Each structure stands twice: as structure tokens, then as C-alpha cells.
Amino acid sequence: VRADLMTQAGAALAADGADIFIMAAATSSGAAVMASSPLAHLVPNIVMNALVLEACLDAGVQKYCFLSSNTVYPPGDTPMREENATGEFFDAYEVVAGMKYYSETMAKLFSSKADRAMQVLIVRPGNLYGPHDKFSEGKSKVIPALIRRAVNKETPFTVWGDGQDIKDFLYIDDFVEGLLMTLRLDGQFEVINLASGNSVRLQEVIEKILALSQHSHVKVTYDKSKPSMIPVRRIDVSQASERLGWVAKVDMKEGLSRTIDWYLASTQG
């Protein structure tokens, strides 16, 4: 179905007849929009998440799965476990992280305070990338934005920040496999991380993208005056490994290669 989840009727249409509902819908953007218009995604996402939760409860959905974010974890260089979310966020991501954290809280209330039992599963992914991502300027996040610019042989090649940010990037196929496996969890309220467990420095990612795009001769410059991401994000995936037997299989080079190949095929016909 096609439905407007910002309306009660649209949310009800989407939830109708579902046993399991995976809430993957959201409004999102890159760092530029978050820096210039930090409230842009607050109201739309809160409204959407609230309406869909209510619609799922009314429709008799048995399990509601909410795709949250690793931004809900506080700043720090230690691997973040599921219980480490405290309501403290990295300053530049306060609105987005706060929205996700509040949406998690709403979902938890629906699992415990509603007049009937609805299981709730919160999934906190690493930084996802891969085919079918948003590659357009202004909407793309870091990896698709870098791929678009590298494939287009952009010169000069200027990167926001200093390139030293450390992130946990997860290829989309690995994520989807892990997401489907999490649906086996049978608790009333569950939270689980799905990430690679191997964080990398952004500078290394840039070098790989440029090499795979045959644009490695270009000089990379860093604009430290521009907004950057959370400086260090490491994610503990021991629960996913122990409880689901899930581990990420696609390494960074292979994932980037597949993504670049898809982007070339989709843009060059």
C-alpha cells in the first residue's frame, strides 16, 4: 500500500492486517540540513511514530519493530551496549537523537501500558550504506555523498570536518539479514544493536571510495569549519552475536565496491 503516515487514516491503512510491523519510515537528511535547520525532522517524525504506534495497537499488530539510531548513545570512545543510552547526546545531533530516543520511549509505553499486549522491538543500527540509498545532494549522508562526488570526478575534493571521525558502517544486506533475525526475539520489550562491530576512520573510507571510483589522484582537503559527525562511535554487537548468531559478513571494501557499481549502473543506464 501507499499511505501518508502523517495522517491517522494513512497509518491505519498501513497497519491493517499486519502481524509484524517494521517502522522504517522517517524523514532524514545529511549533516548540512541538520546544521542549518535542526528542527526540520522533529515534528514530522514524532507525529508519524505516534500515529503508527496507535494504528498498530488498534489493528492488533503482535510485534512492532522500530528502527532507531546509534545517535541515542552518549559521546564516548567505548563500544556502546544497549543499556548505555542515557538521554545524553552529542550536541550537533541533539534534535535527531532526542527524537529517536523519545520515539523509543513511546514504543516502550505501548508495550507496557496499553490495554493489550503488543511486543516492541527497538533496533539501533550502525551507519547504513549500500544500493538504493539517497544519493542526491542535500539528502545524502556521508558515504552516498562521497560516492556521488567521487564518481563525478569532483575536483577539488573538499570534505567537511577533519576526516578523523570514527564510525561503524554497516552494509545494507547485512543489516536486512540481521533485522529479520531479530524478529525471532520474543520478549515484551527488546533493544538490540545491529552494526559491524568494526569502526573505521572516515579518512580511510574516503581513500577507499576514491580508489574504487578511479579518482585517487585528486587532492583531498578538509574544511574544519563545517559541521562534522559524532567524533567517535563504536558499537557493541555482542547481543546480536550471542542471541541471534548474527555477524556482519560484508567488509568495507566489498560493500563500497557493490554500492559504487550499483550507483554507476543506476545513473549511466
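Above this text you will find the structure in question.
Treat the numbers as computed from the prediction; the structure is a model and nothing was measured. (Residues numbered from 1 in each chain as written. Predicted model: local features only at pLDDT ≥ 70, side-chain atom pairs only at ≥ 80, totals over all residues. Heavy atoms only, no water.)

Let us now look at the overall build of the protein. Looking only at helices and strands, the protein features nine helices and ten strands. The C-alpha radius of gyration computed for the protein amounts to 19 Å, which stays within 12% of the reference 18 Å derived for 269 residues, consistent with globular compactness. The principal-axis extents of the C-alpha atoms in the protein amount to approximately 60 × 40 × 35 Å. Out of the 269 residues in the protein, the part that is buried amounts to 47%. Carbon together with sulfur atoms contributes 52% to the accessible area of the protein, which is approximately 13,000 Å² in total. (Helix = DSSP H or I, 4+ residues; strand = E, 2+ residues; numbered from the N terminus. Rg over C-alpha atoms; globule rule 2.2 N^0.38 Å. Buried < 20%, exposed > 50% of the residue type's maximum accessible area, 1.4 Å probe, protein only. Areas by Shrake-Rupley, 256 points an atom, 1.4 Å probe, with all protein chains shown as cover.)

Right, let's talk about the layout of surface pockets for a bit. As a volume, the second largest pocket reaches approximately 160 Å³. For the lining of the second largest pocket, the element with the highest residue contribution is strand β7 (residues 169-171), accounting for three residues. Within the lining of the second largest pocket, the residues separate by chemical class into nine nonpolar, two polar and two charged. (1 Å grid on protein atoms, 1.4 Å probe; cavity = no way out; pocket = protein on both sides within 12 Å on 5 of 7 lines; lining within 4 Å. Points joined across faces, edges and corners; volume = space filled by probe spheres on them. Nonpolar A, V, L, I, M, F, W, Y, C, P; charged D, E, K, R; others polar.)

This paragraph deals with the environment of A55. Structurally, A55 can be placed in helix α3 (residues 42-59). When residues no more than four places from it in sequence are discounted, the contact partners of A55 are A11, A12 and A15. (Contact = heavy atoms within 4.5 Å.)

Our next topic: the side chain of S199. Turning to its location among the elements, S199 is positioned in the loop between β8 (189-194) and β9 (200-201). In this structure the side chain of S199 is engaged in a polar contact, spanning 2.8 Å, whose partner is the backbone oxygen of R233. Not counting residues within four places of it along the chain, the set of residues in contact with S199 comprises I166, K167, D168, R233, R234 and I235. (Polar contact = N/O pair within 3.5 Å; in protein donor to acceptor, adjacent residues only side chain to side chain.)

It is worth spelling out the pairing of strand β3 (residues 119-125) at this point. Burial runs high along β3: seven of the seven residues are buried. Across the two faces of β3 the burial is the same, with Q119, L121, V123 and P125 and V120, I122 and R124 all buried. Following the backbone out of strand β2 (residues 63-67), through helix α4 (residues 94-112) and into the adjacent parallel β3, one traces a crossover that is right-handed. Note: β3 against β8, six bridges, orientation parallel. When the sheet's bridge partners are listed, V123 is paired in β8 with I192. (Right-handed = clockwise from strand over helix to strand, strands pointing away. Pairing = 2+ DSSP bridges.)

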